[in-house]
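# A look at the structure
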Amino acid sequence: HETVYAIASGKGGVGKTTTTVNLGTALAEAGERVAVVDADLGMANLAGFVSLSPDSTTLHDVLSGGASIDDATYRITENIVAVPSGTSLDEYADTSPEGLSDVVAELRDQFDYVFLDVGAGVSHETVLPLGLADAVILVSTPEPAAIHDSKKTLELTERAGGAVAGLVLTRTRPDSDVSYDEIAARLETPLLGTIPEDPGARESVYAGTPLVVYRPDGPAATAYKRLAADLAGIE
Ligand code: ADP
Ligand code: MG
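Each chain carries its own residue numbering, running from 1 in the direction its sequence is written. Chains and ligands are labelled by the order in which they are written, letters from A for the one and numbers from 1 for the other. The model is predicted, so local features are restricted to residues of pLDDT at least 70 and side-chain atom pairs to those at 80 or more, both for listing and for counting; the totals for chains, interfaces and linings are taken over all residues.

## Observations regarding the overall build of the protein chain
Only DSSP runs of H or I with at least four residues qualify as helices, and only runs of E with at least two residues qualify as strands; both kinds are numbered from the N terminus onward. Helix and strand counts for the protein chain stand at 11 helices and eight strands. Taken against the 2.2 N^0.38 rule, which gives 18 Å for 235 residues, the C-alpha radius of gyration of the protein chain at 16 Å falls within 12% of a compact globule. Overall size of the protein chain, expressed as C-alpha extent along the three principal axes, is 50 × 35 × 30 Å. Think of it as a crowd count around each C-beta: if 20 or more other C-beta atoms lie within 10 Å the residue is buried, if 12 or fewer it is exposed, and in between it is partly exposed, with C-beta placed from the backbone throughout. For the protein chain, buried positions account for 51% of its 235 residues. Once C-beta atoms are placed from the backbone, any two residues with those atoms within 7 Å are in contact. In the protein chain, once contacts between residues fewer than 6 apart in sequence are set aside, the share between residues at least 24 apart is 75%. Only the C-alpha atoms count toward the radius of gyration. The rule for a globule is 2.2 Å times the residue count to the power 0.38.

## A look at the site of ligand 1
We call a residue near a molecule or strand when the C-beta position, derived from backbone atoms, sits within 6 Å of it. Residues in contact with ligand 1 amount to 17 residues; listed here are only the nearest, Gly15, Lys16, Thr17, Thr18 and Ala201. The class makeup of the residues in the shell around ligand 1 is five nonpolar, seven polar and five charged. Side-chain classes are defined by residue name, with Ala, Val, Leu, Ile, Met, Phe, Trp, Tyr, Cys and Pro counting as nonpolar, Asp, Glu, Lys and Arg as charged, and the others, Gly among them, as polar.

## Overview of the nonpolar core
Only buried residues count toward a nonpolar core: Ala, Val, Leu, Ile, Met, Phe, Trp, Tyr and Cys, linked into one set through C-beta atoms within 7 Å. Grouped together as the largest cluster of nonpolar side chains are 72 residues, with contacts concentrated most on Val114, Leu116 and Tyr224. The leading source of residues in this core is helix α11 (residues 219–232), at seven residues. Beyond its immediate sequence surroundings of up to four residues, Val114 is in contact with Thr3, Val4, Ala35, Val37, Val104, Leu107 and Arg108.

## A few points about the sheet that holds strand β1 (residues 4–8)
A pair of strands counts as paired when DSSP detects no fewer than two bridges linking them. The eight strands lie next to each other as β3-β4-β2-β5-β1-β6-β7-β8, forming an open sheet whose pairing is mixed. The sheet is open, and its two edges are formed by β3 (74–77) and β8 (191–196), each paired on a single side. The sheet shows a mean angle of 25 degrees between the axes of neighbouring strands, taken without regard to direction. As judged from the three bridges shared by β3 and strand β4 (residues 80–83), these two strands associate in the antiparallel manner. Residue pairing for β4: Thr77 is matched across the bridge by Ile80. In this description, a line fitted to the C-alpha atoms serves as the axis of each element, helices being fitted only across the stretch in contact, and the angle between N-to-C directions of two axes falls anywhere from 0 to 180 degrees. Along the sheet, α11 contacts β7 (164–172) and β8; its crossing angle with β8, the most-contacted strand, is approximately 165 degrees.

## Remarks on the environment of Val83
Looking at where Val83 falls in the secondary structure, it is placed in strand β4. Judged by C-beta crowding, with 25 C-beta atoms within 10 Å, Val83 ranks as buried. For Val83, the residues in contact, after removing those within four places along its chain, are Ala35, Val37, Asp38, Leu59, Ala72 and Thr73.

As structure tokens, this is what we get:
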């Protein structure tokens, strides 16, 4: 399997951070050593998903040269660590994303899986991680606007010299009148998984606990564990 995955989308608010945290936690529960990195430098919020206080040392401090990656790495449970980003506009303004390449190289040596939670859109700091990852996992809801924007992220990945592993559709519904396979086929990329609409997703963020721990038998957690097993080749 690949080591470094970028979790990316064109449109914001489609479930990238939810996917990063829960795919990472599911793999950690399966015994893999995992790092999840908040590479959404402009709109960082991964810390809250796992009850980390982002006023400590963050990826921004590493990228601006003021800290080592170890200083910005926090253990969540036995097999998983998080690298949060700063949340203030000042920190964002002071940061250049170029150093991310060294950060990824260091983490690659220490972990079985590294997940980069990438910002939405087409800016430089979004495109850079797409080229650094071994594989890009596109995240989208089934809405036409989100799918349309996924196409751009696909193109950007190619331009950045990266490779798309496939598509994860979030907030899917059993009574959908659109075919999820058809959506992936139209994007000419494999459908890696579908994550059902689940009110537990939002509740788990308020609880500061990954959904796969907060409500392990719910529909979305079950789907994330399935996706993790597929990724790791576990049956
Ligand atoms: P992004 O990182 O792409 O901006 P998030 O992971 O923060 O997206 O998710 C955006 C919102 O959608 C959050 O409120 C989250 O709880 C909710 N959400 C994500 N996945 C699901 C799901 N499967 N079912 C219901 N709500 C979801
Ligand atoms: Mg996010």
